[in-house]
Amino acid sequence: MVDLYLLRNALRDLASAKRLVVAAILIMGPAFIALAIRLGMGSQFDGVLTYGTLAALLVFGFVLPILAVVFGTGAVSQELEQRTMVYLLTRPVPRWRILLAKYVAAWIVISATGLLAALALAAVTYQPTPGSGRTALNRRSIVNPRKFLAQLQTPDSPVVDYVTQRLSAETLEQLSRWDPDTPAPRPLLRMVLTDLNKLIAADRRLYDPADFPEINVPDDARQLMAERPRGAANARLNRWLLEAAFPDLIRTNRTTGNKLYRDVLVLPVGAAAYGAFFLLLATILPRALITGLFLAFGWESWVPMMPGNFRLLSVMTYLRALAPHARPQTASTDMMQIFQALSPDTVPSALAWIVLAATTMAALALALAIFSYREYVPRDDAT
Amino acid sequence: MISLTRASRWYGQVIGINDVTCTIQAGLTALLGPNGAGKSTFMKLVTGQLRPTTGDVRVFNQRPFANTHVFRRIGYCPEIEALYDDMTGRSFVTMLAAMAGIARAKRAERVDEVLGMVSMSHAADRRIGGYSKGMRQRIKIAQALVHDPEIIILDEPLNGLDPVGRKEMTALFLRLATENRCVLVSSHILYEVEQMTRQIILMDRGRLRAMGDVYQIRALIDAHPHRVSITTSRARDLARRLLEFPYILSATLDSADARQVTIETRSPDAFYDDLPRIVLADGYRVEELDSPDNNLEAVFRYLVKG
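Residues numbered from 1 in each chain as written. Chains lettered and ligands numbered in written order. Predicted model: local features only at pLDDT ≥ 70, side-chain atom pairs only at ≥ 80, totals over all residues. Heavy atoms only, no water.

Let's talk about the overall build of chain A
Along its length, chain A carries 16 helices and zero strands. For chain A, the residues scored as buried account for 50% of the 383 residues in total. In chain A, the proportion of contacts linking residues at least 24 apart, taken out of those at least 6 apart, comes to 80%. Of the charged side chains in chain A, 37 are positive and 28 negative; the average position of the first set lies 7 Å away from that of the second. (Helix = DSSP H or I, 4+ residues; strand = E, 2+ residues; numbered from the N terminus. Buried < 20%, exposed > 50% of the residue type's maximum accessible area, 1.4 Å probe, protein only. Contact = heavy atoms within 4.5 Å. Lys, Arg positive; Asp, Glu negative; His and termini not counted. Charge placed at Lys NZ, Arg CZ, Asp CG, Glu CD.)

Here's the deal with helix 10 (residues 268-282) of chain B
All names here are of chain B. The end-to-end C-alpha distance of helix 10, which contains 15 residues, comes to 20 Å, matching closely the 21 Å that a straight helix rising 1.5 Å per residue would cover. Of all the bends found along helix 10, the most pronounced is centred on Asp274 and spans about 30°, while Pro276, a proline, follows it within four residues. Where helix 10 is concerned, the buried positions are Pro268, Phe271, Asp274, Leu275, Ile278 and Val279. (Expected span 1.5 Å × (residues − 1). Bend = angle between axes of the 7 residues up to and from the residue.)

A word on the nonpolar core
Leu4(B), Phe42(B), Phe92(B) and Phe173(B) are the most contacted members of the largest nonpolar core, which totals 148 residues. Here this core takes 15 residues from helix 3 (residues 47-82) of chain A, the largest share from any one element. Setting aside chain neighbours within four positions, we find Leu4(B) in contact with Ile17(B), Val20(B), Thr21(B), Cys22(B), Phe42(B), Val46(B), Asp56(B) and Val57(B). The next biggest cluster of nonpolar side chains, apart from the first, holds 36 residues, and it includes Val159(A), Leu206(A), Met225(A) and Leu249(A). (Core = buried A, V, L, I, M, F, W, Y, C linked by side-chain atoms within 4.5 Å.)

Regarding the confidence of the model for chain B
Of all residues in chain B, 95% attain a pLDDT of 70 or more, and the chain-wide mean is 88. Model confidence for chain B, summarised as mean pLDDT per element, is weakest for helix 11 (residues 296-305) of chain B at 68 and strongest for strand 5 (residues 74-77) of chain B at 95. (pLDDT = per-residue confidence, 0-100.)

A look at the packing of helix 1 (residues 2-14) of chain A against helix 3 (residues 89-99) of chain B
As a packed pair, helix 1 of chain A and helix 3 of chain B sit with axes 8 Å apart at the nearest point and diverge in direction by 140°. With respect to helix 3 of chain B, the axis of helix 1 of chain A lies oblique. The handedness of the crossing between helix 1 of chain A and helix 3 of chain B comes out as left-handed. Mapping the contact onto sequence places Val2(A), Tyr5(A), Leu6(A) and Asn9(A) in helix 1 of chain A and Thr94(B), Met95(B), Ala98(B) and Met99(B) in helix 3 of chain B. Residues belonging to the contact of helix 1 of chain A with helix 3 of chain B are distributed by class as follows: six nonpolar, two polar and no charged. (Axes fitted to C-alpha atoms, helices over the stretch in contact; angles between N-to-C directions. Parallel < 35°, antiparallel > 145°, perpendicular 65-115°, else oblique. Left-handed = near helix turned anticlockwise from the far one by under 90°. Nonpolar A, V, L, I, M, F, W, Y, C, P; charged D, E, K, R; others polar.)

Re the domain arrangement of chain A
For chain A, the assigned domains read domain 1 (2-129 + 255-381) and domain 2 (140-245). Look at where the C-alpha atoms of domain 1 of chain A and domain 2 of chain A centre, and you get two points 38 Å apart. (Domains from an automatic or database assignment.)

Focus on the sheet that holds strand 1 (residues 2-11) of chain B
Residue and element names in this part refer to chain B. Reading across the sheet, the three strands line up as 2-1-4 and stay open at both edges, with antiparallel pairing between neighbours. Every other strand in the sheet has two partners, leaving strand 2 (14-24) and strand 4 (54-59) as the edge strands with one partner each. In this sheet, neighbouring strand axes are inclined to one another by 25° on average, regardless of whether the strands run parallel or antiparallel. Against the sheet, helix 1 (residues 39-46) touches strand 1, strand 2 and strand 4, its axis set at about 60° to strand 2. (Pairing = 2+ DSSP bridges.)

Comments concerning unusual backbone geometry
Phi angles above zero are rare outside glycine, and Arg83(A) is one such case at about 70°. Locating Arg83(A) in the fold gives a position in the loop between helix 3 and helix 4 (85-89). What makes Arg83(A) partly exposed here is its relative accessible area of 25%. Even without being a glycine, Arg6(B) presents a positive backbone phi close to 45°. With respect to the helices and strands, Arg6(B) occurs in strand 1.

Structure (structure tokens):
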């Protein structure tokens, strides 16, 4: 009962008008950007890729950390700065319970806001995807059949050459007879797709991306690869590897729905970990918001991209492992791609779950212990 | 109920309180001292928000820091003005009543009762943000009393109250003190304390300068004899008569008012015992009797500056 009062008080404290405005902007921000992209690109708009990109960069990369900083530190800092904490700290309620209620309140607010941001983004980027979710290719999976067959006929990259060599002799024979200046014949396309579907369904990896450094393998495929998938999961990986080998020619089978489902699961986990971490910061530092912002947008932005094991010191590394997103493949190499190339390995999801749970529990336990032990009286108020 | 044994509290190089030893029992005690004397540190130590740097602080014979057993029996009204401005007075007091462990069935009734005690029933359902300074003070006092504590610690509780409010709250504190509770009130305004109690703890620059009844404290200060002014038509005659007593150190006639004589004595008790007898025997008509040294201001001035 007391805990309910504490939780209600903590929620009320977090829901100040200023913070609600910040939350509303954060919820609508990614969706507005997606809407602008959608209107700008017209028929070229790819909802799944746009969702993946904005979910990774904005929802996980910006909205979640900033919410965690604002509400995680705010759970304690506001009452300490305004000095109203004294009313709670002189009541016969153990201090750890007061802080735990504040943590739960912060977690609820961070999770709810993050989820609403993801849902708004998903709603704006939603479009019915051809062959949604299926690993097998069909005619509608191919964006431009003539160009697709032409590439197979005269491969312009090592990976396409590699895939072509694994088609059946009969298909290759038919392919060689086809005049690329004529429209793609349906029977030939069907033969090619049947062969490729066999390669997808085979219980072995279509190719090893390490052999083809020019290939830009999306985060989610990279993550799936780290899980050493079998059966249906391996087929999904092969499909994504095939999509990576033929950028712009094979439509992705990813759907916003299944990405959203994963994000909805992982966002509250991220809220729990970040929330506990920034709460800990607020129990130690007088101006935790500033330090928190520095950590969220300095450390958490750059460390996950660092080579070697250094990136394991970031919460974001593990969140990306649990909710990987496919981002558009660009011809130009930017800094992120260079960093990604330096650290191609991903963290297995089992390890990510364990590390996030351990981080959350350790940060929370430490925060509760410090809060129970420390004095929270400003010096100027003390004499 | 409360005891400090050689308790000191430092904030880095800054003194909060220094080597304070005292015990406080039931009744109304005023913690008196100028700003920065260490009153709030004293109260924060007693209410378990701070630990002493050295020495020991005990409340109900337990260390109070973050001690829920102590908090159950102690009520605290802080000096700070900050409150939860978007809550109503009633919901604020109710929340803290719940946290203090008052059962749900009795809570609303007790909250009503305590809001009545501080005369806030009429404004209890308004937002605290819209309260006047005096109303905020009253609601702060209400939350300190809601769980019926045995020790009530009030840090400058009369700040912001109008004269009527001061009178009401002073009467409330006195009533609470007569119910065998320990009521500790801090103040830097002497006349406020004079209206409330004679039991004081006097602090200055972190040190406990004096403790006990104002009158007794005054009597202890040998360096500053007790002064009494008597106004009578035969002032010169009375002065001569009083100088016959060995405990009268001096008798001075007021240069501005020839009817007033001021005596100095180191034995005020003996003087007050003898004075009525002299007045009756010799037929003096005393118009006014005033002891400026009984005034807290004087005690305070002597002790702090002496």
